Amino acid sequence: MKLLLPLIIIFNSSPSIAWDNDPATGLINKPGMELVRAHCTACHSARLIIQNKAERPGWLSTIRWMQESQGLWPLGQVEATILDYLSANYGPKKVGRRKRPPPELLPP
Ligand code: HEC
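Residues numbered from 1 in each chain as written. Predicted model: local features only at pLDDT ≥ 70, side-chain atom pairs only at ≥ 80, totals over all residues. Heavy atoms only, no water.

Draft legend 1. A look at the pattern of salt bridges. One pass over the structure, following the stated rule, counts three salt bridges. The salt bridge involving Arg 37 is made with Asp 22; its shortest N-O contact spans 2.9 Å. Here Arg 37 is found in helix H2 (residues 33-40), whereas its partner Asp 22 is found in the loop between helix H1 (4-12) and H2, with 15 residues between them in sequence. The residue Arg 64 makes a salt bridge to Glu 79 at a minimum N-O spacing of 2.9 Å. Of this pair, Arg 64 sits in helix H4 (residues 56-69) while Glu 79 is found in helix H5 (residues 78-89), placing the two residues 15 residues apart along the sequence. Residue classification places Glu 79 among the buried residues on the basis of a relative accessible area of 14%. (Salt bridge = Lys/Arg side-chain N within 4 Å of Asp/Glu carboxyl O. Helix = DSSP H or I, 4+ residues; strand = E, 2+ residues; numbered from the N terminus. Buried < 20%, exposed > 50% of the residue type's maximum accessible area, 1.4 Å probe, protein only.)

Draft legend 2. Highlighting the packing of H4 against H5. Orientation of H4 relative to H5, taken along the N-to-C sense of each, is 130°, at an axis distance of 9 Å. Considering the angle they form, H4 stands oblique to H5. Note that H4 runs across H5; the crossing there is right-handed. Touching Arg 56, Trp 59, Leu 60, Ile 63, Arg 64 and Gln 67 of H4 are Glu 79, Ala 80, Ile 82, Leu 83, Asp 84, Leu 86 and Ser 87, all from H5. In terms of residue class, the contact of H4 with H5 is made up of seven nonpolar, two polar and four charged. (Axes fitted to C-alpha atoms, helices over the stretch in contact; angles between N-to-C directions. Parallel < 35°, antiparallel > 145°, perpendicular 65-115°, else oblique. Left-handed = near helix turned anticlockwise from the far one by under 90°. Contact = heavy atoms within 4.5 Å. Nonpolar A, V, L, I, M, F, W, Y, C, P; charged D, E, K, R; others polar.)

Structure representation (structure tokens):
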């Protein structure tokens, strides 16, 4: 029983829970977050990003659209990392259920 509570906490934690997120922007604190914070919150709130869900091509086209019409600068080498971050953390697949924990971690 002692083991159960921490497990419940770990497996219930979702990306929207505060301690996972950058306190300044609310962005999910995963690799690439600093780049997104630096390049993507200069003109608008990170909320625009957090509210959006897209596969990688969708994020790329949003970026191209901002570059063509909103004055977003070329992202150069960091573009790939930014796209990795966005599609991993703000992709449509995150909407569904999380993967089940492996059986050996579940209570008998
Ligand atoms: C040079 C300014 C600028 C920068 C930097 C910028 N954006 Fe934007 N972005 C805009 C403007 C302007 C809009 C339109 C805002 C509105 O509709 O109110 C926008 C809108 C958006 C939207 C909403 C698009 C939609 O379809 O409604 C998303 C998502 C977004 N930006 C993501 C990003 C990401 C990711 C980055 C970093 C790669 C970024 N932005 C960097 C200017 C910028």
